[in-house]
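# Observations on the three-dimensional arrangement
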Amino acid sequence: MCYLGIRDTFTPAHKDLCASSGHNLMCMTEDGGTSFWFMTASSDAPKVEAYFSDKIGKELDWEDHVASVEDFADAPFTVYIVEQALGDLVLVPPRSCHQVVNKGGLTIKTSWS
């Protein structure tokens, strides 16, 4: 898949289908575009699902909620944060719950599972 993002665009919090491993390569940017990834450990998937359901009131698999920094700060599990820039490959572990927030100019990323 190919993703185009620009400042203030995002993916909702979600898990990739079929517990696959994700690969995401930032191939092109304009005006210093980057992406922030918020990810959880694979082993925390049940905790993340319960947190979204019980505390936030959203179903993680529906991909209809963009978690706030406060949501992640209050979470009872570790949230890993990485900034992806041009040429960076982000590996998403199977069952990792993750969300991407784009910053700056245009970014183009290639993704495969």
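Let me begin by describing the structure that accompanies this report.

## Topic: unusual backbone geometry
Positive phi outside glycine occurs at D31, with the angle close to 55°. Position of D31 relative to the elements: it lies in the loop between β2 (22-29) and β3 (34-39). One non-glycine residue, E63, adopts positive backbone phi at about 50°. Mapped onto the elements, E63 comes out in the loop between α1 (45-56) and α2 (69-73). On the basis of relative accessible area, E63 is assigned to the partly exposed category, the value being 37%.

## What about the state of the cysteines?
Here, disulfide denotes a covalent bond that connects the sulfur atoms of two cysteines. In total, this model carries 0 disulfides according to the counting rule given. Not engaged in a disulfide, the cysteine C2 finds its nearest cysteine sulfur in C27; these two sulfurs lie 7.0 Å apart.

## Here we look at the sheet that holds strand β5 (residues 89-92)
Strand order in the open sheet formed by 4 strands is β1-β7-β2-β5, and the pairing between neighbours is antiparallel. Single-partner strands in this sheet number two, and they are β1 (2-5) and β5. Taken pair by pair, the neighbouring strands of this sheet meet at an average axis angle of 25°, ignoring direction. Of the pairings in the sheet, the one linking β2 to β5 comprises 4 bridges and is antiparallel in character. Directly across from L25, in β5, lies its bridge partner L89.

## Considering the sheet that holds strand β6 (residues 98-103)
The antiparallel open sheet is built from 3 strands, whose spatial order is β4-β3-β6. Of all the strands in the sheet, just β4 (80-84) and β6 have a single pairing partner and so form its edges. The average undirected angle you get between the axes of adjacent strands in this sheet is 20°. With 5 bridges joining them, β3 and β4 adopt antiparallel strand pairing. Considered in β4, the bridge of M39 is made with Y80.

Calculation criteria
- Residues numbered from 1 in each chain as written.
- Predicted model: local features only at pLDDT ≥ 70, side-chain atom pairs only at ≥ 80, totals over all residues.
- Heavy atoms only, no water.
- Helix = DSSP H or I, 4+ residues; strand = E, 2+ residues; numbered from the N terminus.
- Buried < 20%, exposed > 50% of the residue type's maximum accessible area, 1.4 Å probe, protein only.
- Disulfide = S-S within 2.5 Å.
- Pairing = 2+ DSSP bridges.
- Axes fitted to C-alpha atoms, helices over the stretch in contact; angles between N-to-C directions.

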